[in-house]
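Take a look at the letters that make up each chain.
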Amino acid sequence: MAQTPKNIAIIGSGLVGSLLAIYLRRIGHTVTVFDRRPDIRTIKFSGRSINLAMSNRGWRSLDEVGIGKKIKEIAIPLDKRAMHVNDKPVYFQKYGKDGEAIWSISRGILNKRMIDLAEGEGASFRFNEKVWDVDLPEARIYTGETEKSEWKAYDFDLIFGCDGAFSRVRHKMQRQSRFNYSQNFIDVGYKELTIPANEDGTHKLDNSSFHIWPRGEFMLIAMPNIDGSFTCTLFLPFEGEVSFKSIETEDQAREFFKKYFPNVRKEIEDLTKDFFNNPTSAMVTMKCYPWTYWNKVALVGDSAHAIVPFYGQGMNAGFEDIYVLNQLMGKYGDDWETIFSEYEQERKPNADAIAELSYRNFVEMSSKTADAKFLLQKKIEKHFAAKHPEKWVPVYSRVTFSDRPYAEALAIGDMQEKIMRQVMQLPNVEEKWDSKEVEDKILELLTDNKAP
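Keep in mind it's a predicted model, so treat the numbers as computed, not measured.

Rules behind the numbers
- Residues numbered from 1 in each chain as written.
- Predicted model: local features only at pLDDT ≥ 70, side-chain atom pairs only at ≥ 80, totals over all residues.
- Heavy atoms only, no water.
- Helix = DSSP H or I, 4+ residues; strand = E, 2+ residues; numbered from the N terminus.
- Contact = heavy atoms within 4.5 Å.
- Polar contact = N/O pair within 3.5 Å; in protein donor to acceptor, adjacent residues only side chain to side chain.
- Pairing = 2+ DSSP bridges.
- Axes fitted to C-alpha atoms, helices over the stretch in contact; angles between N-to-C directions.

S.K.: Describe the environment of T280, and please don't skip the residues or the numbers.
M.R.: Relative to the assigned elements, T280 resides in the loop between α7 (271–277) and β18 (284–289). Spatially, the C-alpha atoms of T280 and K191 are 5.0 Å apart, while their sequence positions differ by 89 residues. Those residues in contact with T280 that lie beyond four places of it in its chain are Y190, K191, F238 and F244. Of note is the side chain of T280, whose polar atom sits 2.9 Å from the side chain of K191.

See below:
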């Protein structure tokens, strides 16, 4: 169903705002994107990034507007984890079936490309223009140099808040009666480090792997870039015996990496300089509801559902918001009230589900991936899934290599975990993990749980 062209404001020029601008321009709407920050294409990126992991949901959203191929030019496929456990050889865990991979992309490079593409579609970007207030019923925004300076008013037909976890648009919506809101910071922060390319431009580590150094309460990850470097992210508690607070000098930083990451410390460029120059950033899960106001304003991406980054789904979930919005716009035409109502009702349960899964995956990545019992459980699951692919799809594959709802993946994952807890109690399961007895036990428990 065709839509009447509208004059639309998008607040936030990040990944979600830029992609939404492309979608809306393709339909014929006039789009103006406001951002309080400078144009990212004109500045050095800030050193507070975690490389992005594009998966099926993200690619589907990009392919829908024909830009997937342009983004794959700046991405690297990763088909496995590389696990670095002290005093053991590096070992690898395949993510899914042959041909299934997540794609590593630099956030800064992707954001620049997305803004270029949105401008190419005719979207107008207004950088260094801070939105201080939003008149929700009138879809009017006010911008100015400071909160106390003279403001300029802009009138629109619709406003989309794509301005992140601390959204100014959502802040105004929070003042409405019966608006539910919560935020929860985890006690772990992160800091960006870099492994440079070899002199010939090649990667120093395997460039088809997501590298993880699990150390219990903390961990280091590394993802490859197209220039031969790796973006590393150190996740570490803010306070405690081993924490950001406990590392205050260059000698303490060197000793920390020597003790916990001996096989990579020499590879990290300007280790102590990066450690103290790059900011220590916090991670938050933010939930709210409703996501929309009348037929005038809607929140998309992190402004509606910020999550911790441990499933690599923050960007993918935001892009999927846009895909769903687009489907509803095609279905309901100019009925924006119905579009917004169905959008938030469909997406809210899935956003809550991926928030829960993301937090759980932090526990798994940092501590369980080095645990022998956990690894045996995953080996049994993989063996069973290979023999019965129609009966057992691992939760990671349901999230990463599928377009099925996140809420469904969470529910089925909980059921599978319940089954595996019983399987792992079988006597001598270590010796007979690939036996018919174990296979039959899983089949019996699947029948009992009425799994799909």
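S.K.: Explain the sheet that holds strand β2 (residues 30–34) to me, and be specific about the residues and the numbers.
M.R.: Taken in spatial order, the 6 strands make up an open sheet running β8-β2-β1-β12-β20-β19, and their pairing is mixed. In this open sheet, the two strands that pair with only one neighbour each are β8 (124–126) and β19 (292–293). When β19 meets strand β20 (residues 297–299), the two strands line up antiparallel, connected through 2 bridges. By the bridge assignment, Y293 is partnered in β20 with V297.

S.K.: A description of the sheet that holds strand β10 (residues 140–144) should follow, citing residues and the corresponding values.
M.R.: The strand order across the open sheet formed by 3 strands is β9-β10-β11, and the pairing between neighbours is antiparallel. The sheet terminates laterally at β9 (130–135) and β11 (152–155), the two strands that pair on one side only. Strand after strand, the sheet turns through a mean of 30 degrees between neighbouring axes, direction not considered. Alignment of β10 against β11, held across 4 bridges, turns out to be antiparallel. Looking at the pairing, I141 lines up with Y154 of β11.

Scope: geometric values only; no functional claims are made or implied.
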